[in-house]
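Here is how the chains run, residue by residue.
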Amino acid sequence: MAALKRTERKLYPCIRMPALMTGLFIFSLASPAHAESARAPVGITTTLSASSTLHAPESADRASESSLALVPSYAIAESYDLSAQIIFSRQLENEMKSSVSDAVVGISRSNLPVNQFLRLSPRLAATIAVNEYSRERDSLRFALHFKPTFKFDLSRLGRVDWGGMNRVIFNHQFSVTRNFHSFKTSRTGSSNIAYSTSYAGTLGYRFPQRVTLAGSFTRAIGWSYEGHPKHNFELAQELSYSLSEHVELALGHSNAGAAFKENGRDSNIAFHDVSDSTVFGSVTLSY
């Protein structure tokens, strides 16, 4: 699938998360796998998207942006890939500012068998702070990530493919991140995040008409350098259509924010929120 994206969302307060981050994660999990066919050693995925909050056009709180994500990859071995990610964004409201995301470089191992139902795809990655917001305001220098992804093949539960179980998307990804900042607090006085963990689950279905419906839930916890936890979440839903093996269109909605209300006890997790929800559309090209 293409981009389940968000505009200016933050899984961890004080760290600006690049646009399309969630979308690129969902795309890697929910797109039809071409691993069984011969693949070129060099590939690239490009996603062009536009998103907006649900505020009225005349509202001062309305935010919208366009983004272009570039993800080149290189197959260094049969099951190992080296990839990079950079995202260019432009606000469509107010000052029309443009920005470049932090750069991400990583190596992944695909389809490592765990058992007949489960495949593991571990990934090691590094984030390099090139975004002005991250570098100047938060003093982020770089970050290290370990992200194992578990992909379930539900069609193997029985000898007969009952109800098209081979079309079900059911994946889990865990992430551990270590951030490195020059200072423990940002210029605004907020605590920077030193360590973070997250869990992301994806559930979807690929219809025979080349239509895919999928949703994801992300739950994240970050710890400041003083050890104070920050809980956040993101829920996203996407409907996509594959024009061809290389072109995909998508429409979707996402909501993200603090996992608890201001009292620190009541859950703030919701599918939709008037202030925080974002709708988006995207076009993804993969070669």
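Residues numbered from 1 in each chain as written. Predicted model: local features only at pLDDT ≥ 70, side-chain atom pairs only at ≥ 80, totals over all residues. Heavy atoms only, no water.

Colleague: Explain the pairing of strand β14 (residues 229-242) residue by residue, including any values.
Modeller: In terms of strand pairing, strand β13 (residues 211-224) meets β14 through 13 bridges, oriented antiparallel. Following the sheet pairing, Leu 213 is matched in β14 by Leu 239. Between the end of β13 and the start of β14, which pair antiparallel, lie four residues, with Gly 227 showing a positive phi angle near 90°. With 11 bridges connecting them, β14 and strand β15 (residues 247-258) associate as antiparallel partners. What sits directly across from Leu 235, in β15, is Asn 255. Between the end of β14 and the start of β15, which pair antiparallel, lie four residues. (Pairing = 2+ DSSP bridges. Helix = DSSP H or I, 4+ residues; strand = E, 2+ residues; numbered from the N terminus.)

Colleague: Break down the environment of Ile 128 for me, with residues and values.
Modeller: With respect to the helices, strands and loops of the structure, Ile 128 is situated in strand β8 (residues 123-128). Taking relative accessible area as the criterion, Ile 128 reaches 43% and is therefore assigned partly exposed. As for Ile 128 and Phe 142, which are separated by 14 residues in sequence, their C-alpha atoms are 4.6 Å apart. For Ile 128, the residues in contact, after removing those within four places along its chain, are Asp 102, Ala 103 and Arg 141. (Buried < 20%, exposed > 50% of the residue type's maximum accessible area, 1.4 Å probe, protein only. Contact = heavy atoms within 4.5 Å.)

Colleague: Lay out the pattern of salt bridges in plain terms, naming residues and giving numbers.
Modeller: For the structure on display, the rule yields three salt bridges. A salt bridge links Arg 62 to Glu 93; the nearest nitrogen and oxygen atoms lie 3.1 Å apart. Of the two residues, Arg 62 is situated in the loop between β1 (42-53) and β2 (64-75) and Glu 93 in the loop between β3 (80-91) and β4 (98-100); the sequence distance between them amounts to 31 residues. As a salt-bridge pair, Arg 135 and Glu 136 come within 3.3 Å of each other at their nearest N and O atoms. Among the residues examined, Glu 136 registers a relative accessible area of 35% and is labelled partly exposed. Within the structure, one salt-bridge network assembled from shared partners comprises Arg 135, Glu 136 and Arg 187. (Salt bridge = Lys/Arg side-chain N within 4 Å of Asp/Glu carboxyl O.)

Colleague: Go over the pairing of β13, please, and point to the residues and values.
Modeller: Here strand β12 (residues 193-206) pairs with β13 via 13 bridges, running antiparallel. The partner of Gly 204 across the bridge, within β13, is Ala 214. Connecting the antiparallel pair β12 and β13 is a turn made up of four residues, with Arg 210 showing a positive phi of about 65°.

Colleague: Can you lay out the packing of aromatic side chains for me, pointing to particular residues and giving the numbers?
Modeller: Two numbers describe a pair of aromatic rings. These are the distance of the centres and the angle of the planes. The full count for this structure, using the stated rule, is five aromatic pairs. Seen in terms of ring centroids, Phe 142 and Phe 180 are 4.5 Å apart; in terms of plane orientation they differ by 20°. Their pairing is stacked. Here Phe 180 lies in strand β11 (residues 168-181) and Phe 142 lies in strand β9 (residues 140-146), a separation of 38 residues in the sequence. Of the residues examined, Phe 142 reaches a relative accessible area of 36% and is grouped as partly exposed. Phe 180 sits in the partly exposed class, given a relative accessible area of 28%. What links up through ring pairs into an aromatic cluster is the set Phe 150, Phe 174 and Tyr 199. Sitting over the face of the ring of Phe 180, Arg 178 holds its NZ or CZ atom 4.5 Å from the ring centroid. (Phe/Tyr/Trp six-rings, centres within 6.5 Å; stacked < 30°, edge-to-face > 60°. Lys NZ or Arg CZ within 6 Å of the ring centre and 35° of its normal.)

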